[in-house]
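Letter by letter, the chains look like this.
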Amino acid sequence: MRYLVTADEMRRLDQYTIEEIGIPAAVLMERAALAVADRVRNYCTGHPDAGRTALVMAGMGNNGGDGLALARILTERKMDVTVWCVGDEDRASAEWKRQKKILEKYSVNFCSKPDRNEYTILIDALFGVGLSRAVAGIQAAAVECFNGLRGRKFAVDVPSGIDSDTGAILGSCVRAEETVTFGYCKRGLVLYPGCVQAGEVTVADIGIAGNCPQLEEPGMYALDGEPGQLLPAREPAGNKGSFGKVLLIAGSVNMAGAAILAAKAAYRSGAGMVKVISPAENREILQTAVPEALFGTERELSAGMDWADVIAIGPGLGRDGRAAELLRQVLCRGERPTLIDADGLNLLSEQPELRRLLAESAGNGRAVVLTPHVGELARLLGRSIAEIKENLCRYGESLAMELQAVVVAKDARTFICRAGRPVCVNLSGNSGLATAGSGDVLAGMIAGLMAQGMDAYKAACTGAYIHGCLGDRVSGQYGEHACMAGDLVSRKEWSLR
């Protein structure tokens, strides 16, 4: 996994490194400048025919100090460097003034405004992490001018104008092709729209201590690495029963597609047995499409709940009285881990009694996973979609706290929230997953992982990550426009190891 830090968390890590570990701020600044210089060199090596000119746009804080140190290093590496100082130097930080005094001893050009339209390298060192106000005045004009220049644009730590905690654009922002950030990745570099403005992100190790006792672990992280390594270990002497039994309550009359996709996904993720509870009209198509699955009518729900290791309800279920009664029975009976998706979530938002039953069940220790997309989460919380999208993570955490459940808040970035646990944000996947049935596949995958004994929170994090990785594989083969949910459960794409 990789941690994603806020500006406050990063400040605490910096402070601990400097004050407790004893590494001077000037040393960290030098290492940061060297890290950016190395990325610049990599670019120039790949473009030998380009010129050797660089412009450094430096603000008055320590981010600008990084830029001044970088200007010196680039000069030492035989580049023609111009430094554009933006702001009141009387109000500059002590480290900035120290770097400026050193830099004045080098053959570096200083300017109050760029005197050309094109450079080989353009460096944004105007603002660092922690910017909390809209960019305005001379800084906003500088950002606009910088964006209009031609050349490879690098941002130091965070593109200026991006909220490093949320990824929001604060008035205006630098559009970088590459961002070099230090110590840990900042949240705003992976969340929309900041991730688009950051371009390629490199996390450079500059010696920031990771064992700060005031920060045992950051509040957000992302999974990475090979998806197959995250699947539960298989017991060589296991059998279909020991690998977990999923009861899937899905589909409505002559509407079996969601049930098919979810059942296949549960099997692909490793579940040993899947039983689908659906109207009798769906029996033939389900047994044709997923012959491995058991089939039961709604009269067999009670026996199915006794049989299962995990219950998943909602895909294609409908929102009529029949569907509500099925959800009520699931919430009233048994203590099996339960995943609620799609129409199951809509029923919870429409019927307070069902929501009360869910809260009681989860409060008594039942493991519950909810998988709402933005619209479903808006209905569950009585908010507008615009409000939810503005801070999906916060609203996901709010619902998780209220219902004592794992909440998989789905959007272009999906947040997995559980009270008392850090938030897992999923960075895999692409726009090809924004297609009908994709959520049904995710629900089946998480249920399959839970059936194998995986903790509900871990299953949700793992399922979201693998689901996105499958989307990346499919789009790599067919393109993002051509992705279909059925591709995500194909045998070819599930060659994960």
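Everything here concerns the structure above.
Small disclaimer: the values here were computed from a predicted structure and weren't measured. The residue numbering used here restarts from 1 in each chain and proceeds along that chain's sequence as written. Side-chain atom pairs in this predicted model are given and counted only at pLDDT of 80 or more, local residue features only at pLDDT of at least 70, and totals for whole chains, interfaces and linings cover all residues. Side-chain numbers come from the whole structure's heavy atoms, not from hydrogens or water.

Moving on to unusual backbone geometry. Most peptide bonds take the trans form, and the phi angle of most residues other than glycine is negative. The omega torsion across Tyr192 and Pro193 is 0°, close enough to zero to call that bond cis. Strands are runs of DSSP state E lasting at least two residues, helices are runs of H or I lasting at least four, and both sets are numbered from the N terminus onward. With respect to the helices and strands, the residue Pro193 is situated in the loop between strand E8 (185–186) and helix H6 (194–198). Not every positive phi belongs to a glycine, and Asn254 is a case in point at roughly 60°. Note on placement: Asn254 falls in the loop between strand E11 (245–249) and helix H7 (257–268). Only protein chains enter the calculation, and the probe is 1.4 Å; a residue is then buried if its accessible area is under 20% of its type maximum, exposed if over 50%, and partly exposed in between. Asn254 sits in the exposed class, given a relative accessible area of 58%.

The next point concerns the packing of helix H10 (residues 321–332) against helix H12 (residues 352–363). Angles run from 0 to 180 degrees between N-to-C directions of axes, and those axes are lines fitted to C-alpha atoms, restricted for helices to the stretch in contact. H12 packs onto H10 with a crossing angle of 20° between their chain directions and a minimal axis gap of 9 Å. Taken together, the axes of H10 and H12 lie roughly parallel to each other. Handedness of the crossing formed by H10 with H12: left-handed. Of H12, the residues touching H10 (which contributes Ala324, Leu327, Arg328, Leu331 and Cys332) are Leu354, Leu357, Leu358 and Ser361. Under this grouping Gly is polar, as are all residues other than the nonpolar Ala, Val, Leu, Ile, Met, Phe, Trp, Tyr, Cys and Pro and the charged Asp, Glu, Lys and Arg. Residues of the contact of H10 with H12, tallied by class, amount to seven nonpolar, one polar and one charged. We call two directions roughly parallel when the angle between them is under 35 degrees, roughly antiparallel when it is over 145, roughly perpendicular when it lies between 65 and 115, and oblique otherwise. Definitions for this section: a left-handed crossing has its near helix turned counterclockwise from the far helix by less than a right angle. A right-handed crossing has that turn clockwise. Note on contacts: a residue pair qualifies if any of its non-hydrogen atoms lie within 4.5 Å across the two residues.

Now for the pattern of salt bridges. Oppositely charged side chains are able to pair whenever their charged atoms sit close together. We count a salt bridge whenever a side-chain nitrogen from Lys or Arg sits within 4 Å of a carboxyl oxygen from Asp or Glu. With the rule as written, the count across this model stands at 24 salt bridges. Asp306 serves as the salt-bridge partner of Arg333, at 2.6 Å between the closest nitrogen and oxygen. One end of the pair, Arg333, is in the loop between H10 and strand E15 (338–340); the other, Asp306, is in helix H9 (residues 301–307), and 27 residues separate them in sequence. With a relative accessible area of 49%, Asp306 lands in the partly exposed category.

Strand pairing is assigned whenever DSSP detects at least two bridges linking the two strands. Spatially, E8-E1-E10-E19-E18-E17-E16-E15-E14-E11-E12-E13 is the arrangement adopted by the twelve strands of the open sheet, whose pairing is mixed. For this open sheet the edge positions go to E8 and strand E13 (294–296), each flanked by a neighbour on one side alone. Most of the contacts of helix H15 (residues 392–403) go to strand E18 (residues 414–417), to which it runs at about 30°, and overall it touches strand E10 (220–222), strand E16 (368–370), strand E17 (406–409), E18 and strand E19 (423–426).

A few words on the nonpolar core. Working definition of a nonpolar core: buried Ala, Val, Leu, Ile, Met, Phe, Trp, Tyr and Cys residues. They are joined through side-chain atoms within 4.5 Å. The biggest cluster of nonpolar side chains holds 56 residues, and the ones touching the most others in it are Ile249, Ile340, Leu348, Leu370 and Phe415. Ranked by size, the runner-up nonpolar core spans 55 residues in total, among them Leu248, Val290, Leu442 and Ala456.

All right, on to the packing of helix H13 (residues 374–381) against H15 then. Across the interface, H13 lies against H15 with an axial gap of 11 Å and an inter-helix angle of 50°. Classified by the angle between their axes, H13 and H15 sit oblique to one another. Relative to H15, the crossing made by H13 is left-handed. Counting all contacts with H13, which are made through Val374, Leu377, Leu380 and Leu381, the residues of H15 involved are Leu392, Tyr395, Gly396, Leu399 and Glu402. Partitioned by chemical class, the residues of the contact of H13 with H15 number seven nonpolar, one polar and one charged.

On to the sheet that holds strand E6 (residues 150–156). To summarise the sheet geometry, strands pair through backbone hydrogen bonds and adopt either a parallel or an antiparallel arrangement. Overall, parallel pairing links the seven strands, which are arranged E4-E3-E2-E5-E6-E7-E9 in an open sheet. Pairing within the sheet leaves two strands with one partner each, and these edge strands are strand E4 (109–111) and strand E9 (200–204). Pairwise comparison of adjacent strand axes, ignoring direction, gives a mean angle of 20° for this sheet.

Burial of E19 is two-sided: the residues Val423 and Val425 facing one way and the residues Cys424 and Asn426 facing the other way are all buried. Pairing between E10 and E19: two bridges, direction parallel. Residue pairing in the sheet places Tyr221 in a bridge with Cys424 of E19. Note that E18 and E19 share three bridges and pair antiparallel. Bridge pairing in E19 places Ile416 opposite Cys424. Between E18 and the antiparallel strand that follows it, E19, lie five residues; Gly420 among them carries a positive phi value of about 85°.

The aromatic pairing rule takes the rings of Phe, Tyr and Trp, using the six-membered ring of Trp, and pairs them if the centres are within 6.5 Å, calling planes under 30 degrees apart stacked, those over 60 edge-to-face and the rest tilted. One pass over the full model with this rule turns up one aromatic pair. Note on Tyr43 and Phe154: the rings are 6.5 Å apart at their centroids and 80° apart in plane angle, and the pair reads as edge-to-face. Taken as a pair, Tyr43 in helix H2 (residues 25–46) and Phe154 in strand E6 lie far apart in primary sequence, 111 residues in all. In this structure Phe154 comes out as buried when scored by relative accessible area, which is 0%. For a ring to carry a charge above it, either NZ of a lysine or CZ of an arginine must fall within 6 Å of the ring centroid while also lying within 35 degrees of the normal to the ring plane. For Arg234, the ring lying beneath its charged end belongs to Phe243, and the centroid distance is 3.6 Å.

Residue placement: Ala419 occurs in the loop between E18 and E19. Judged by relative accessible area, Ala419 falls into the partly exposed class, the value being 26%. Beyond its immediate stretch of four places on either side in the chain, Ala419 contacts Ala400, Met401 and Gln404.

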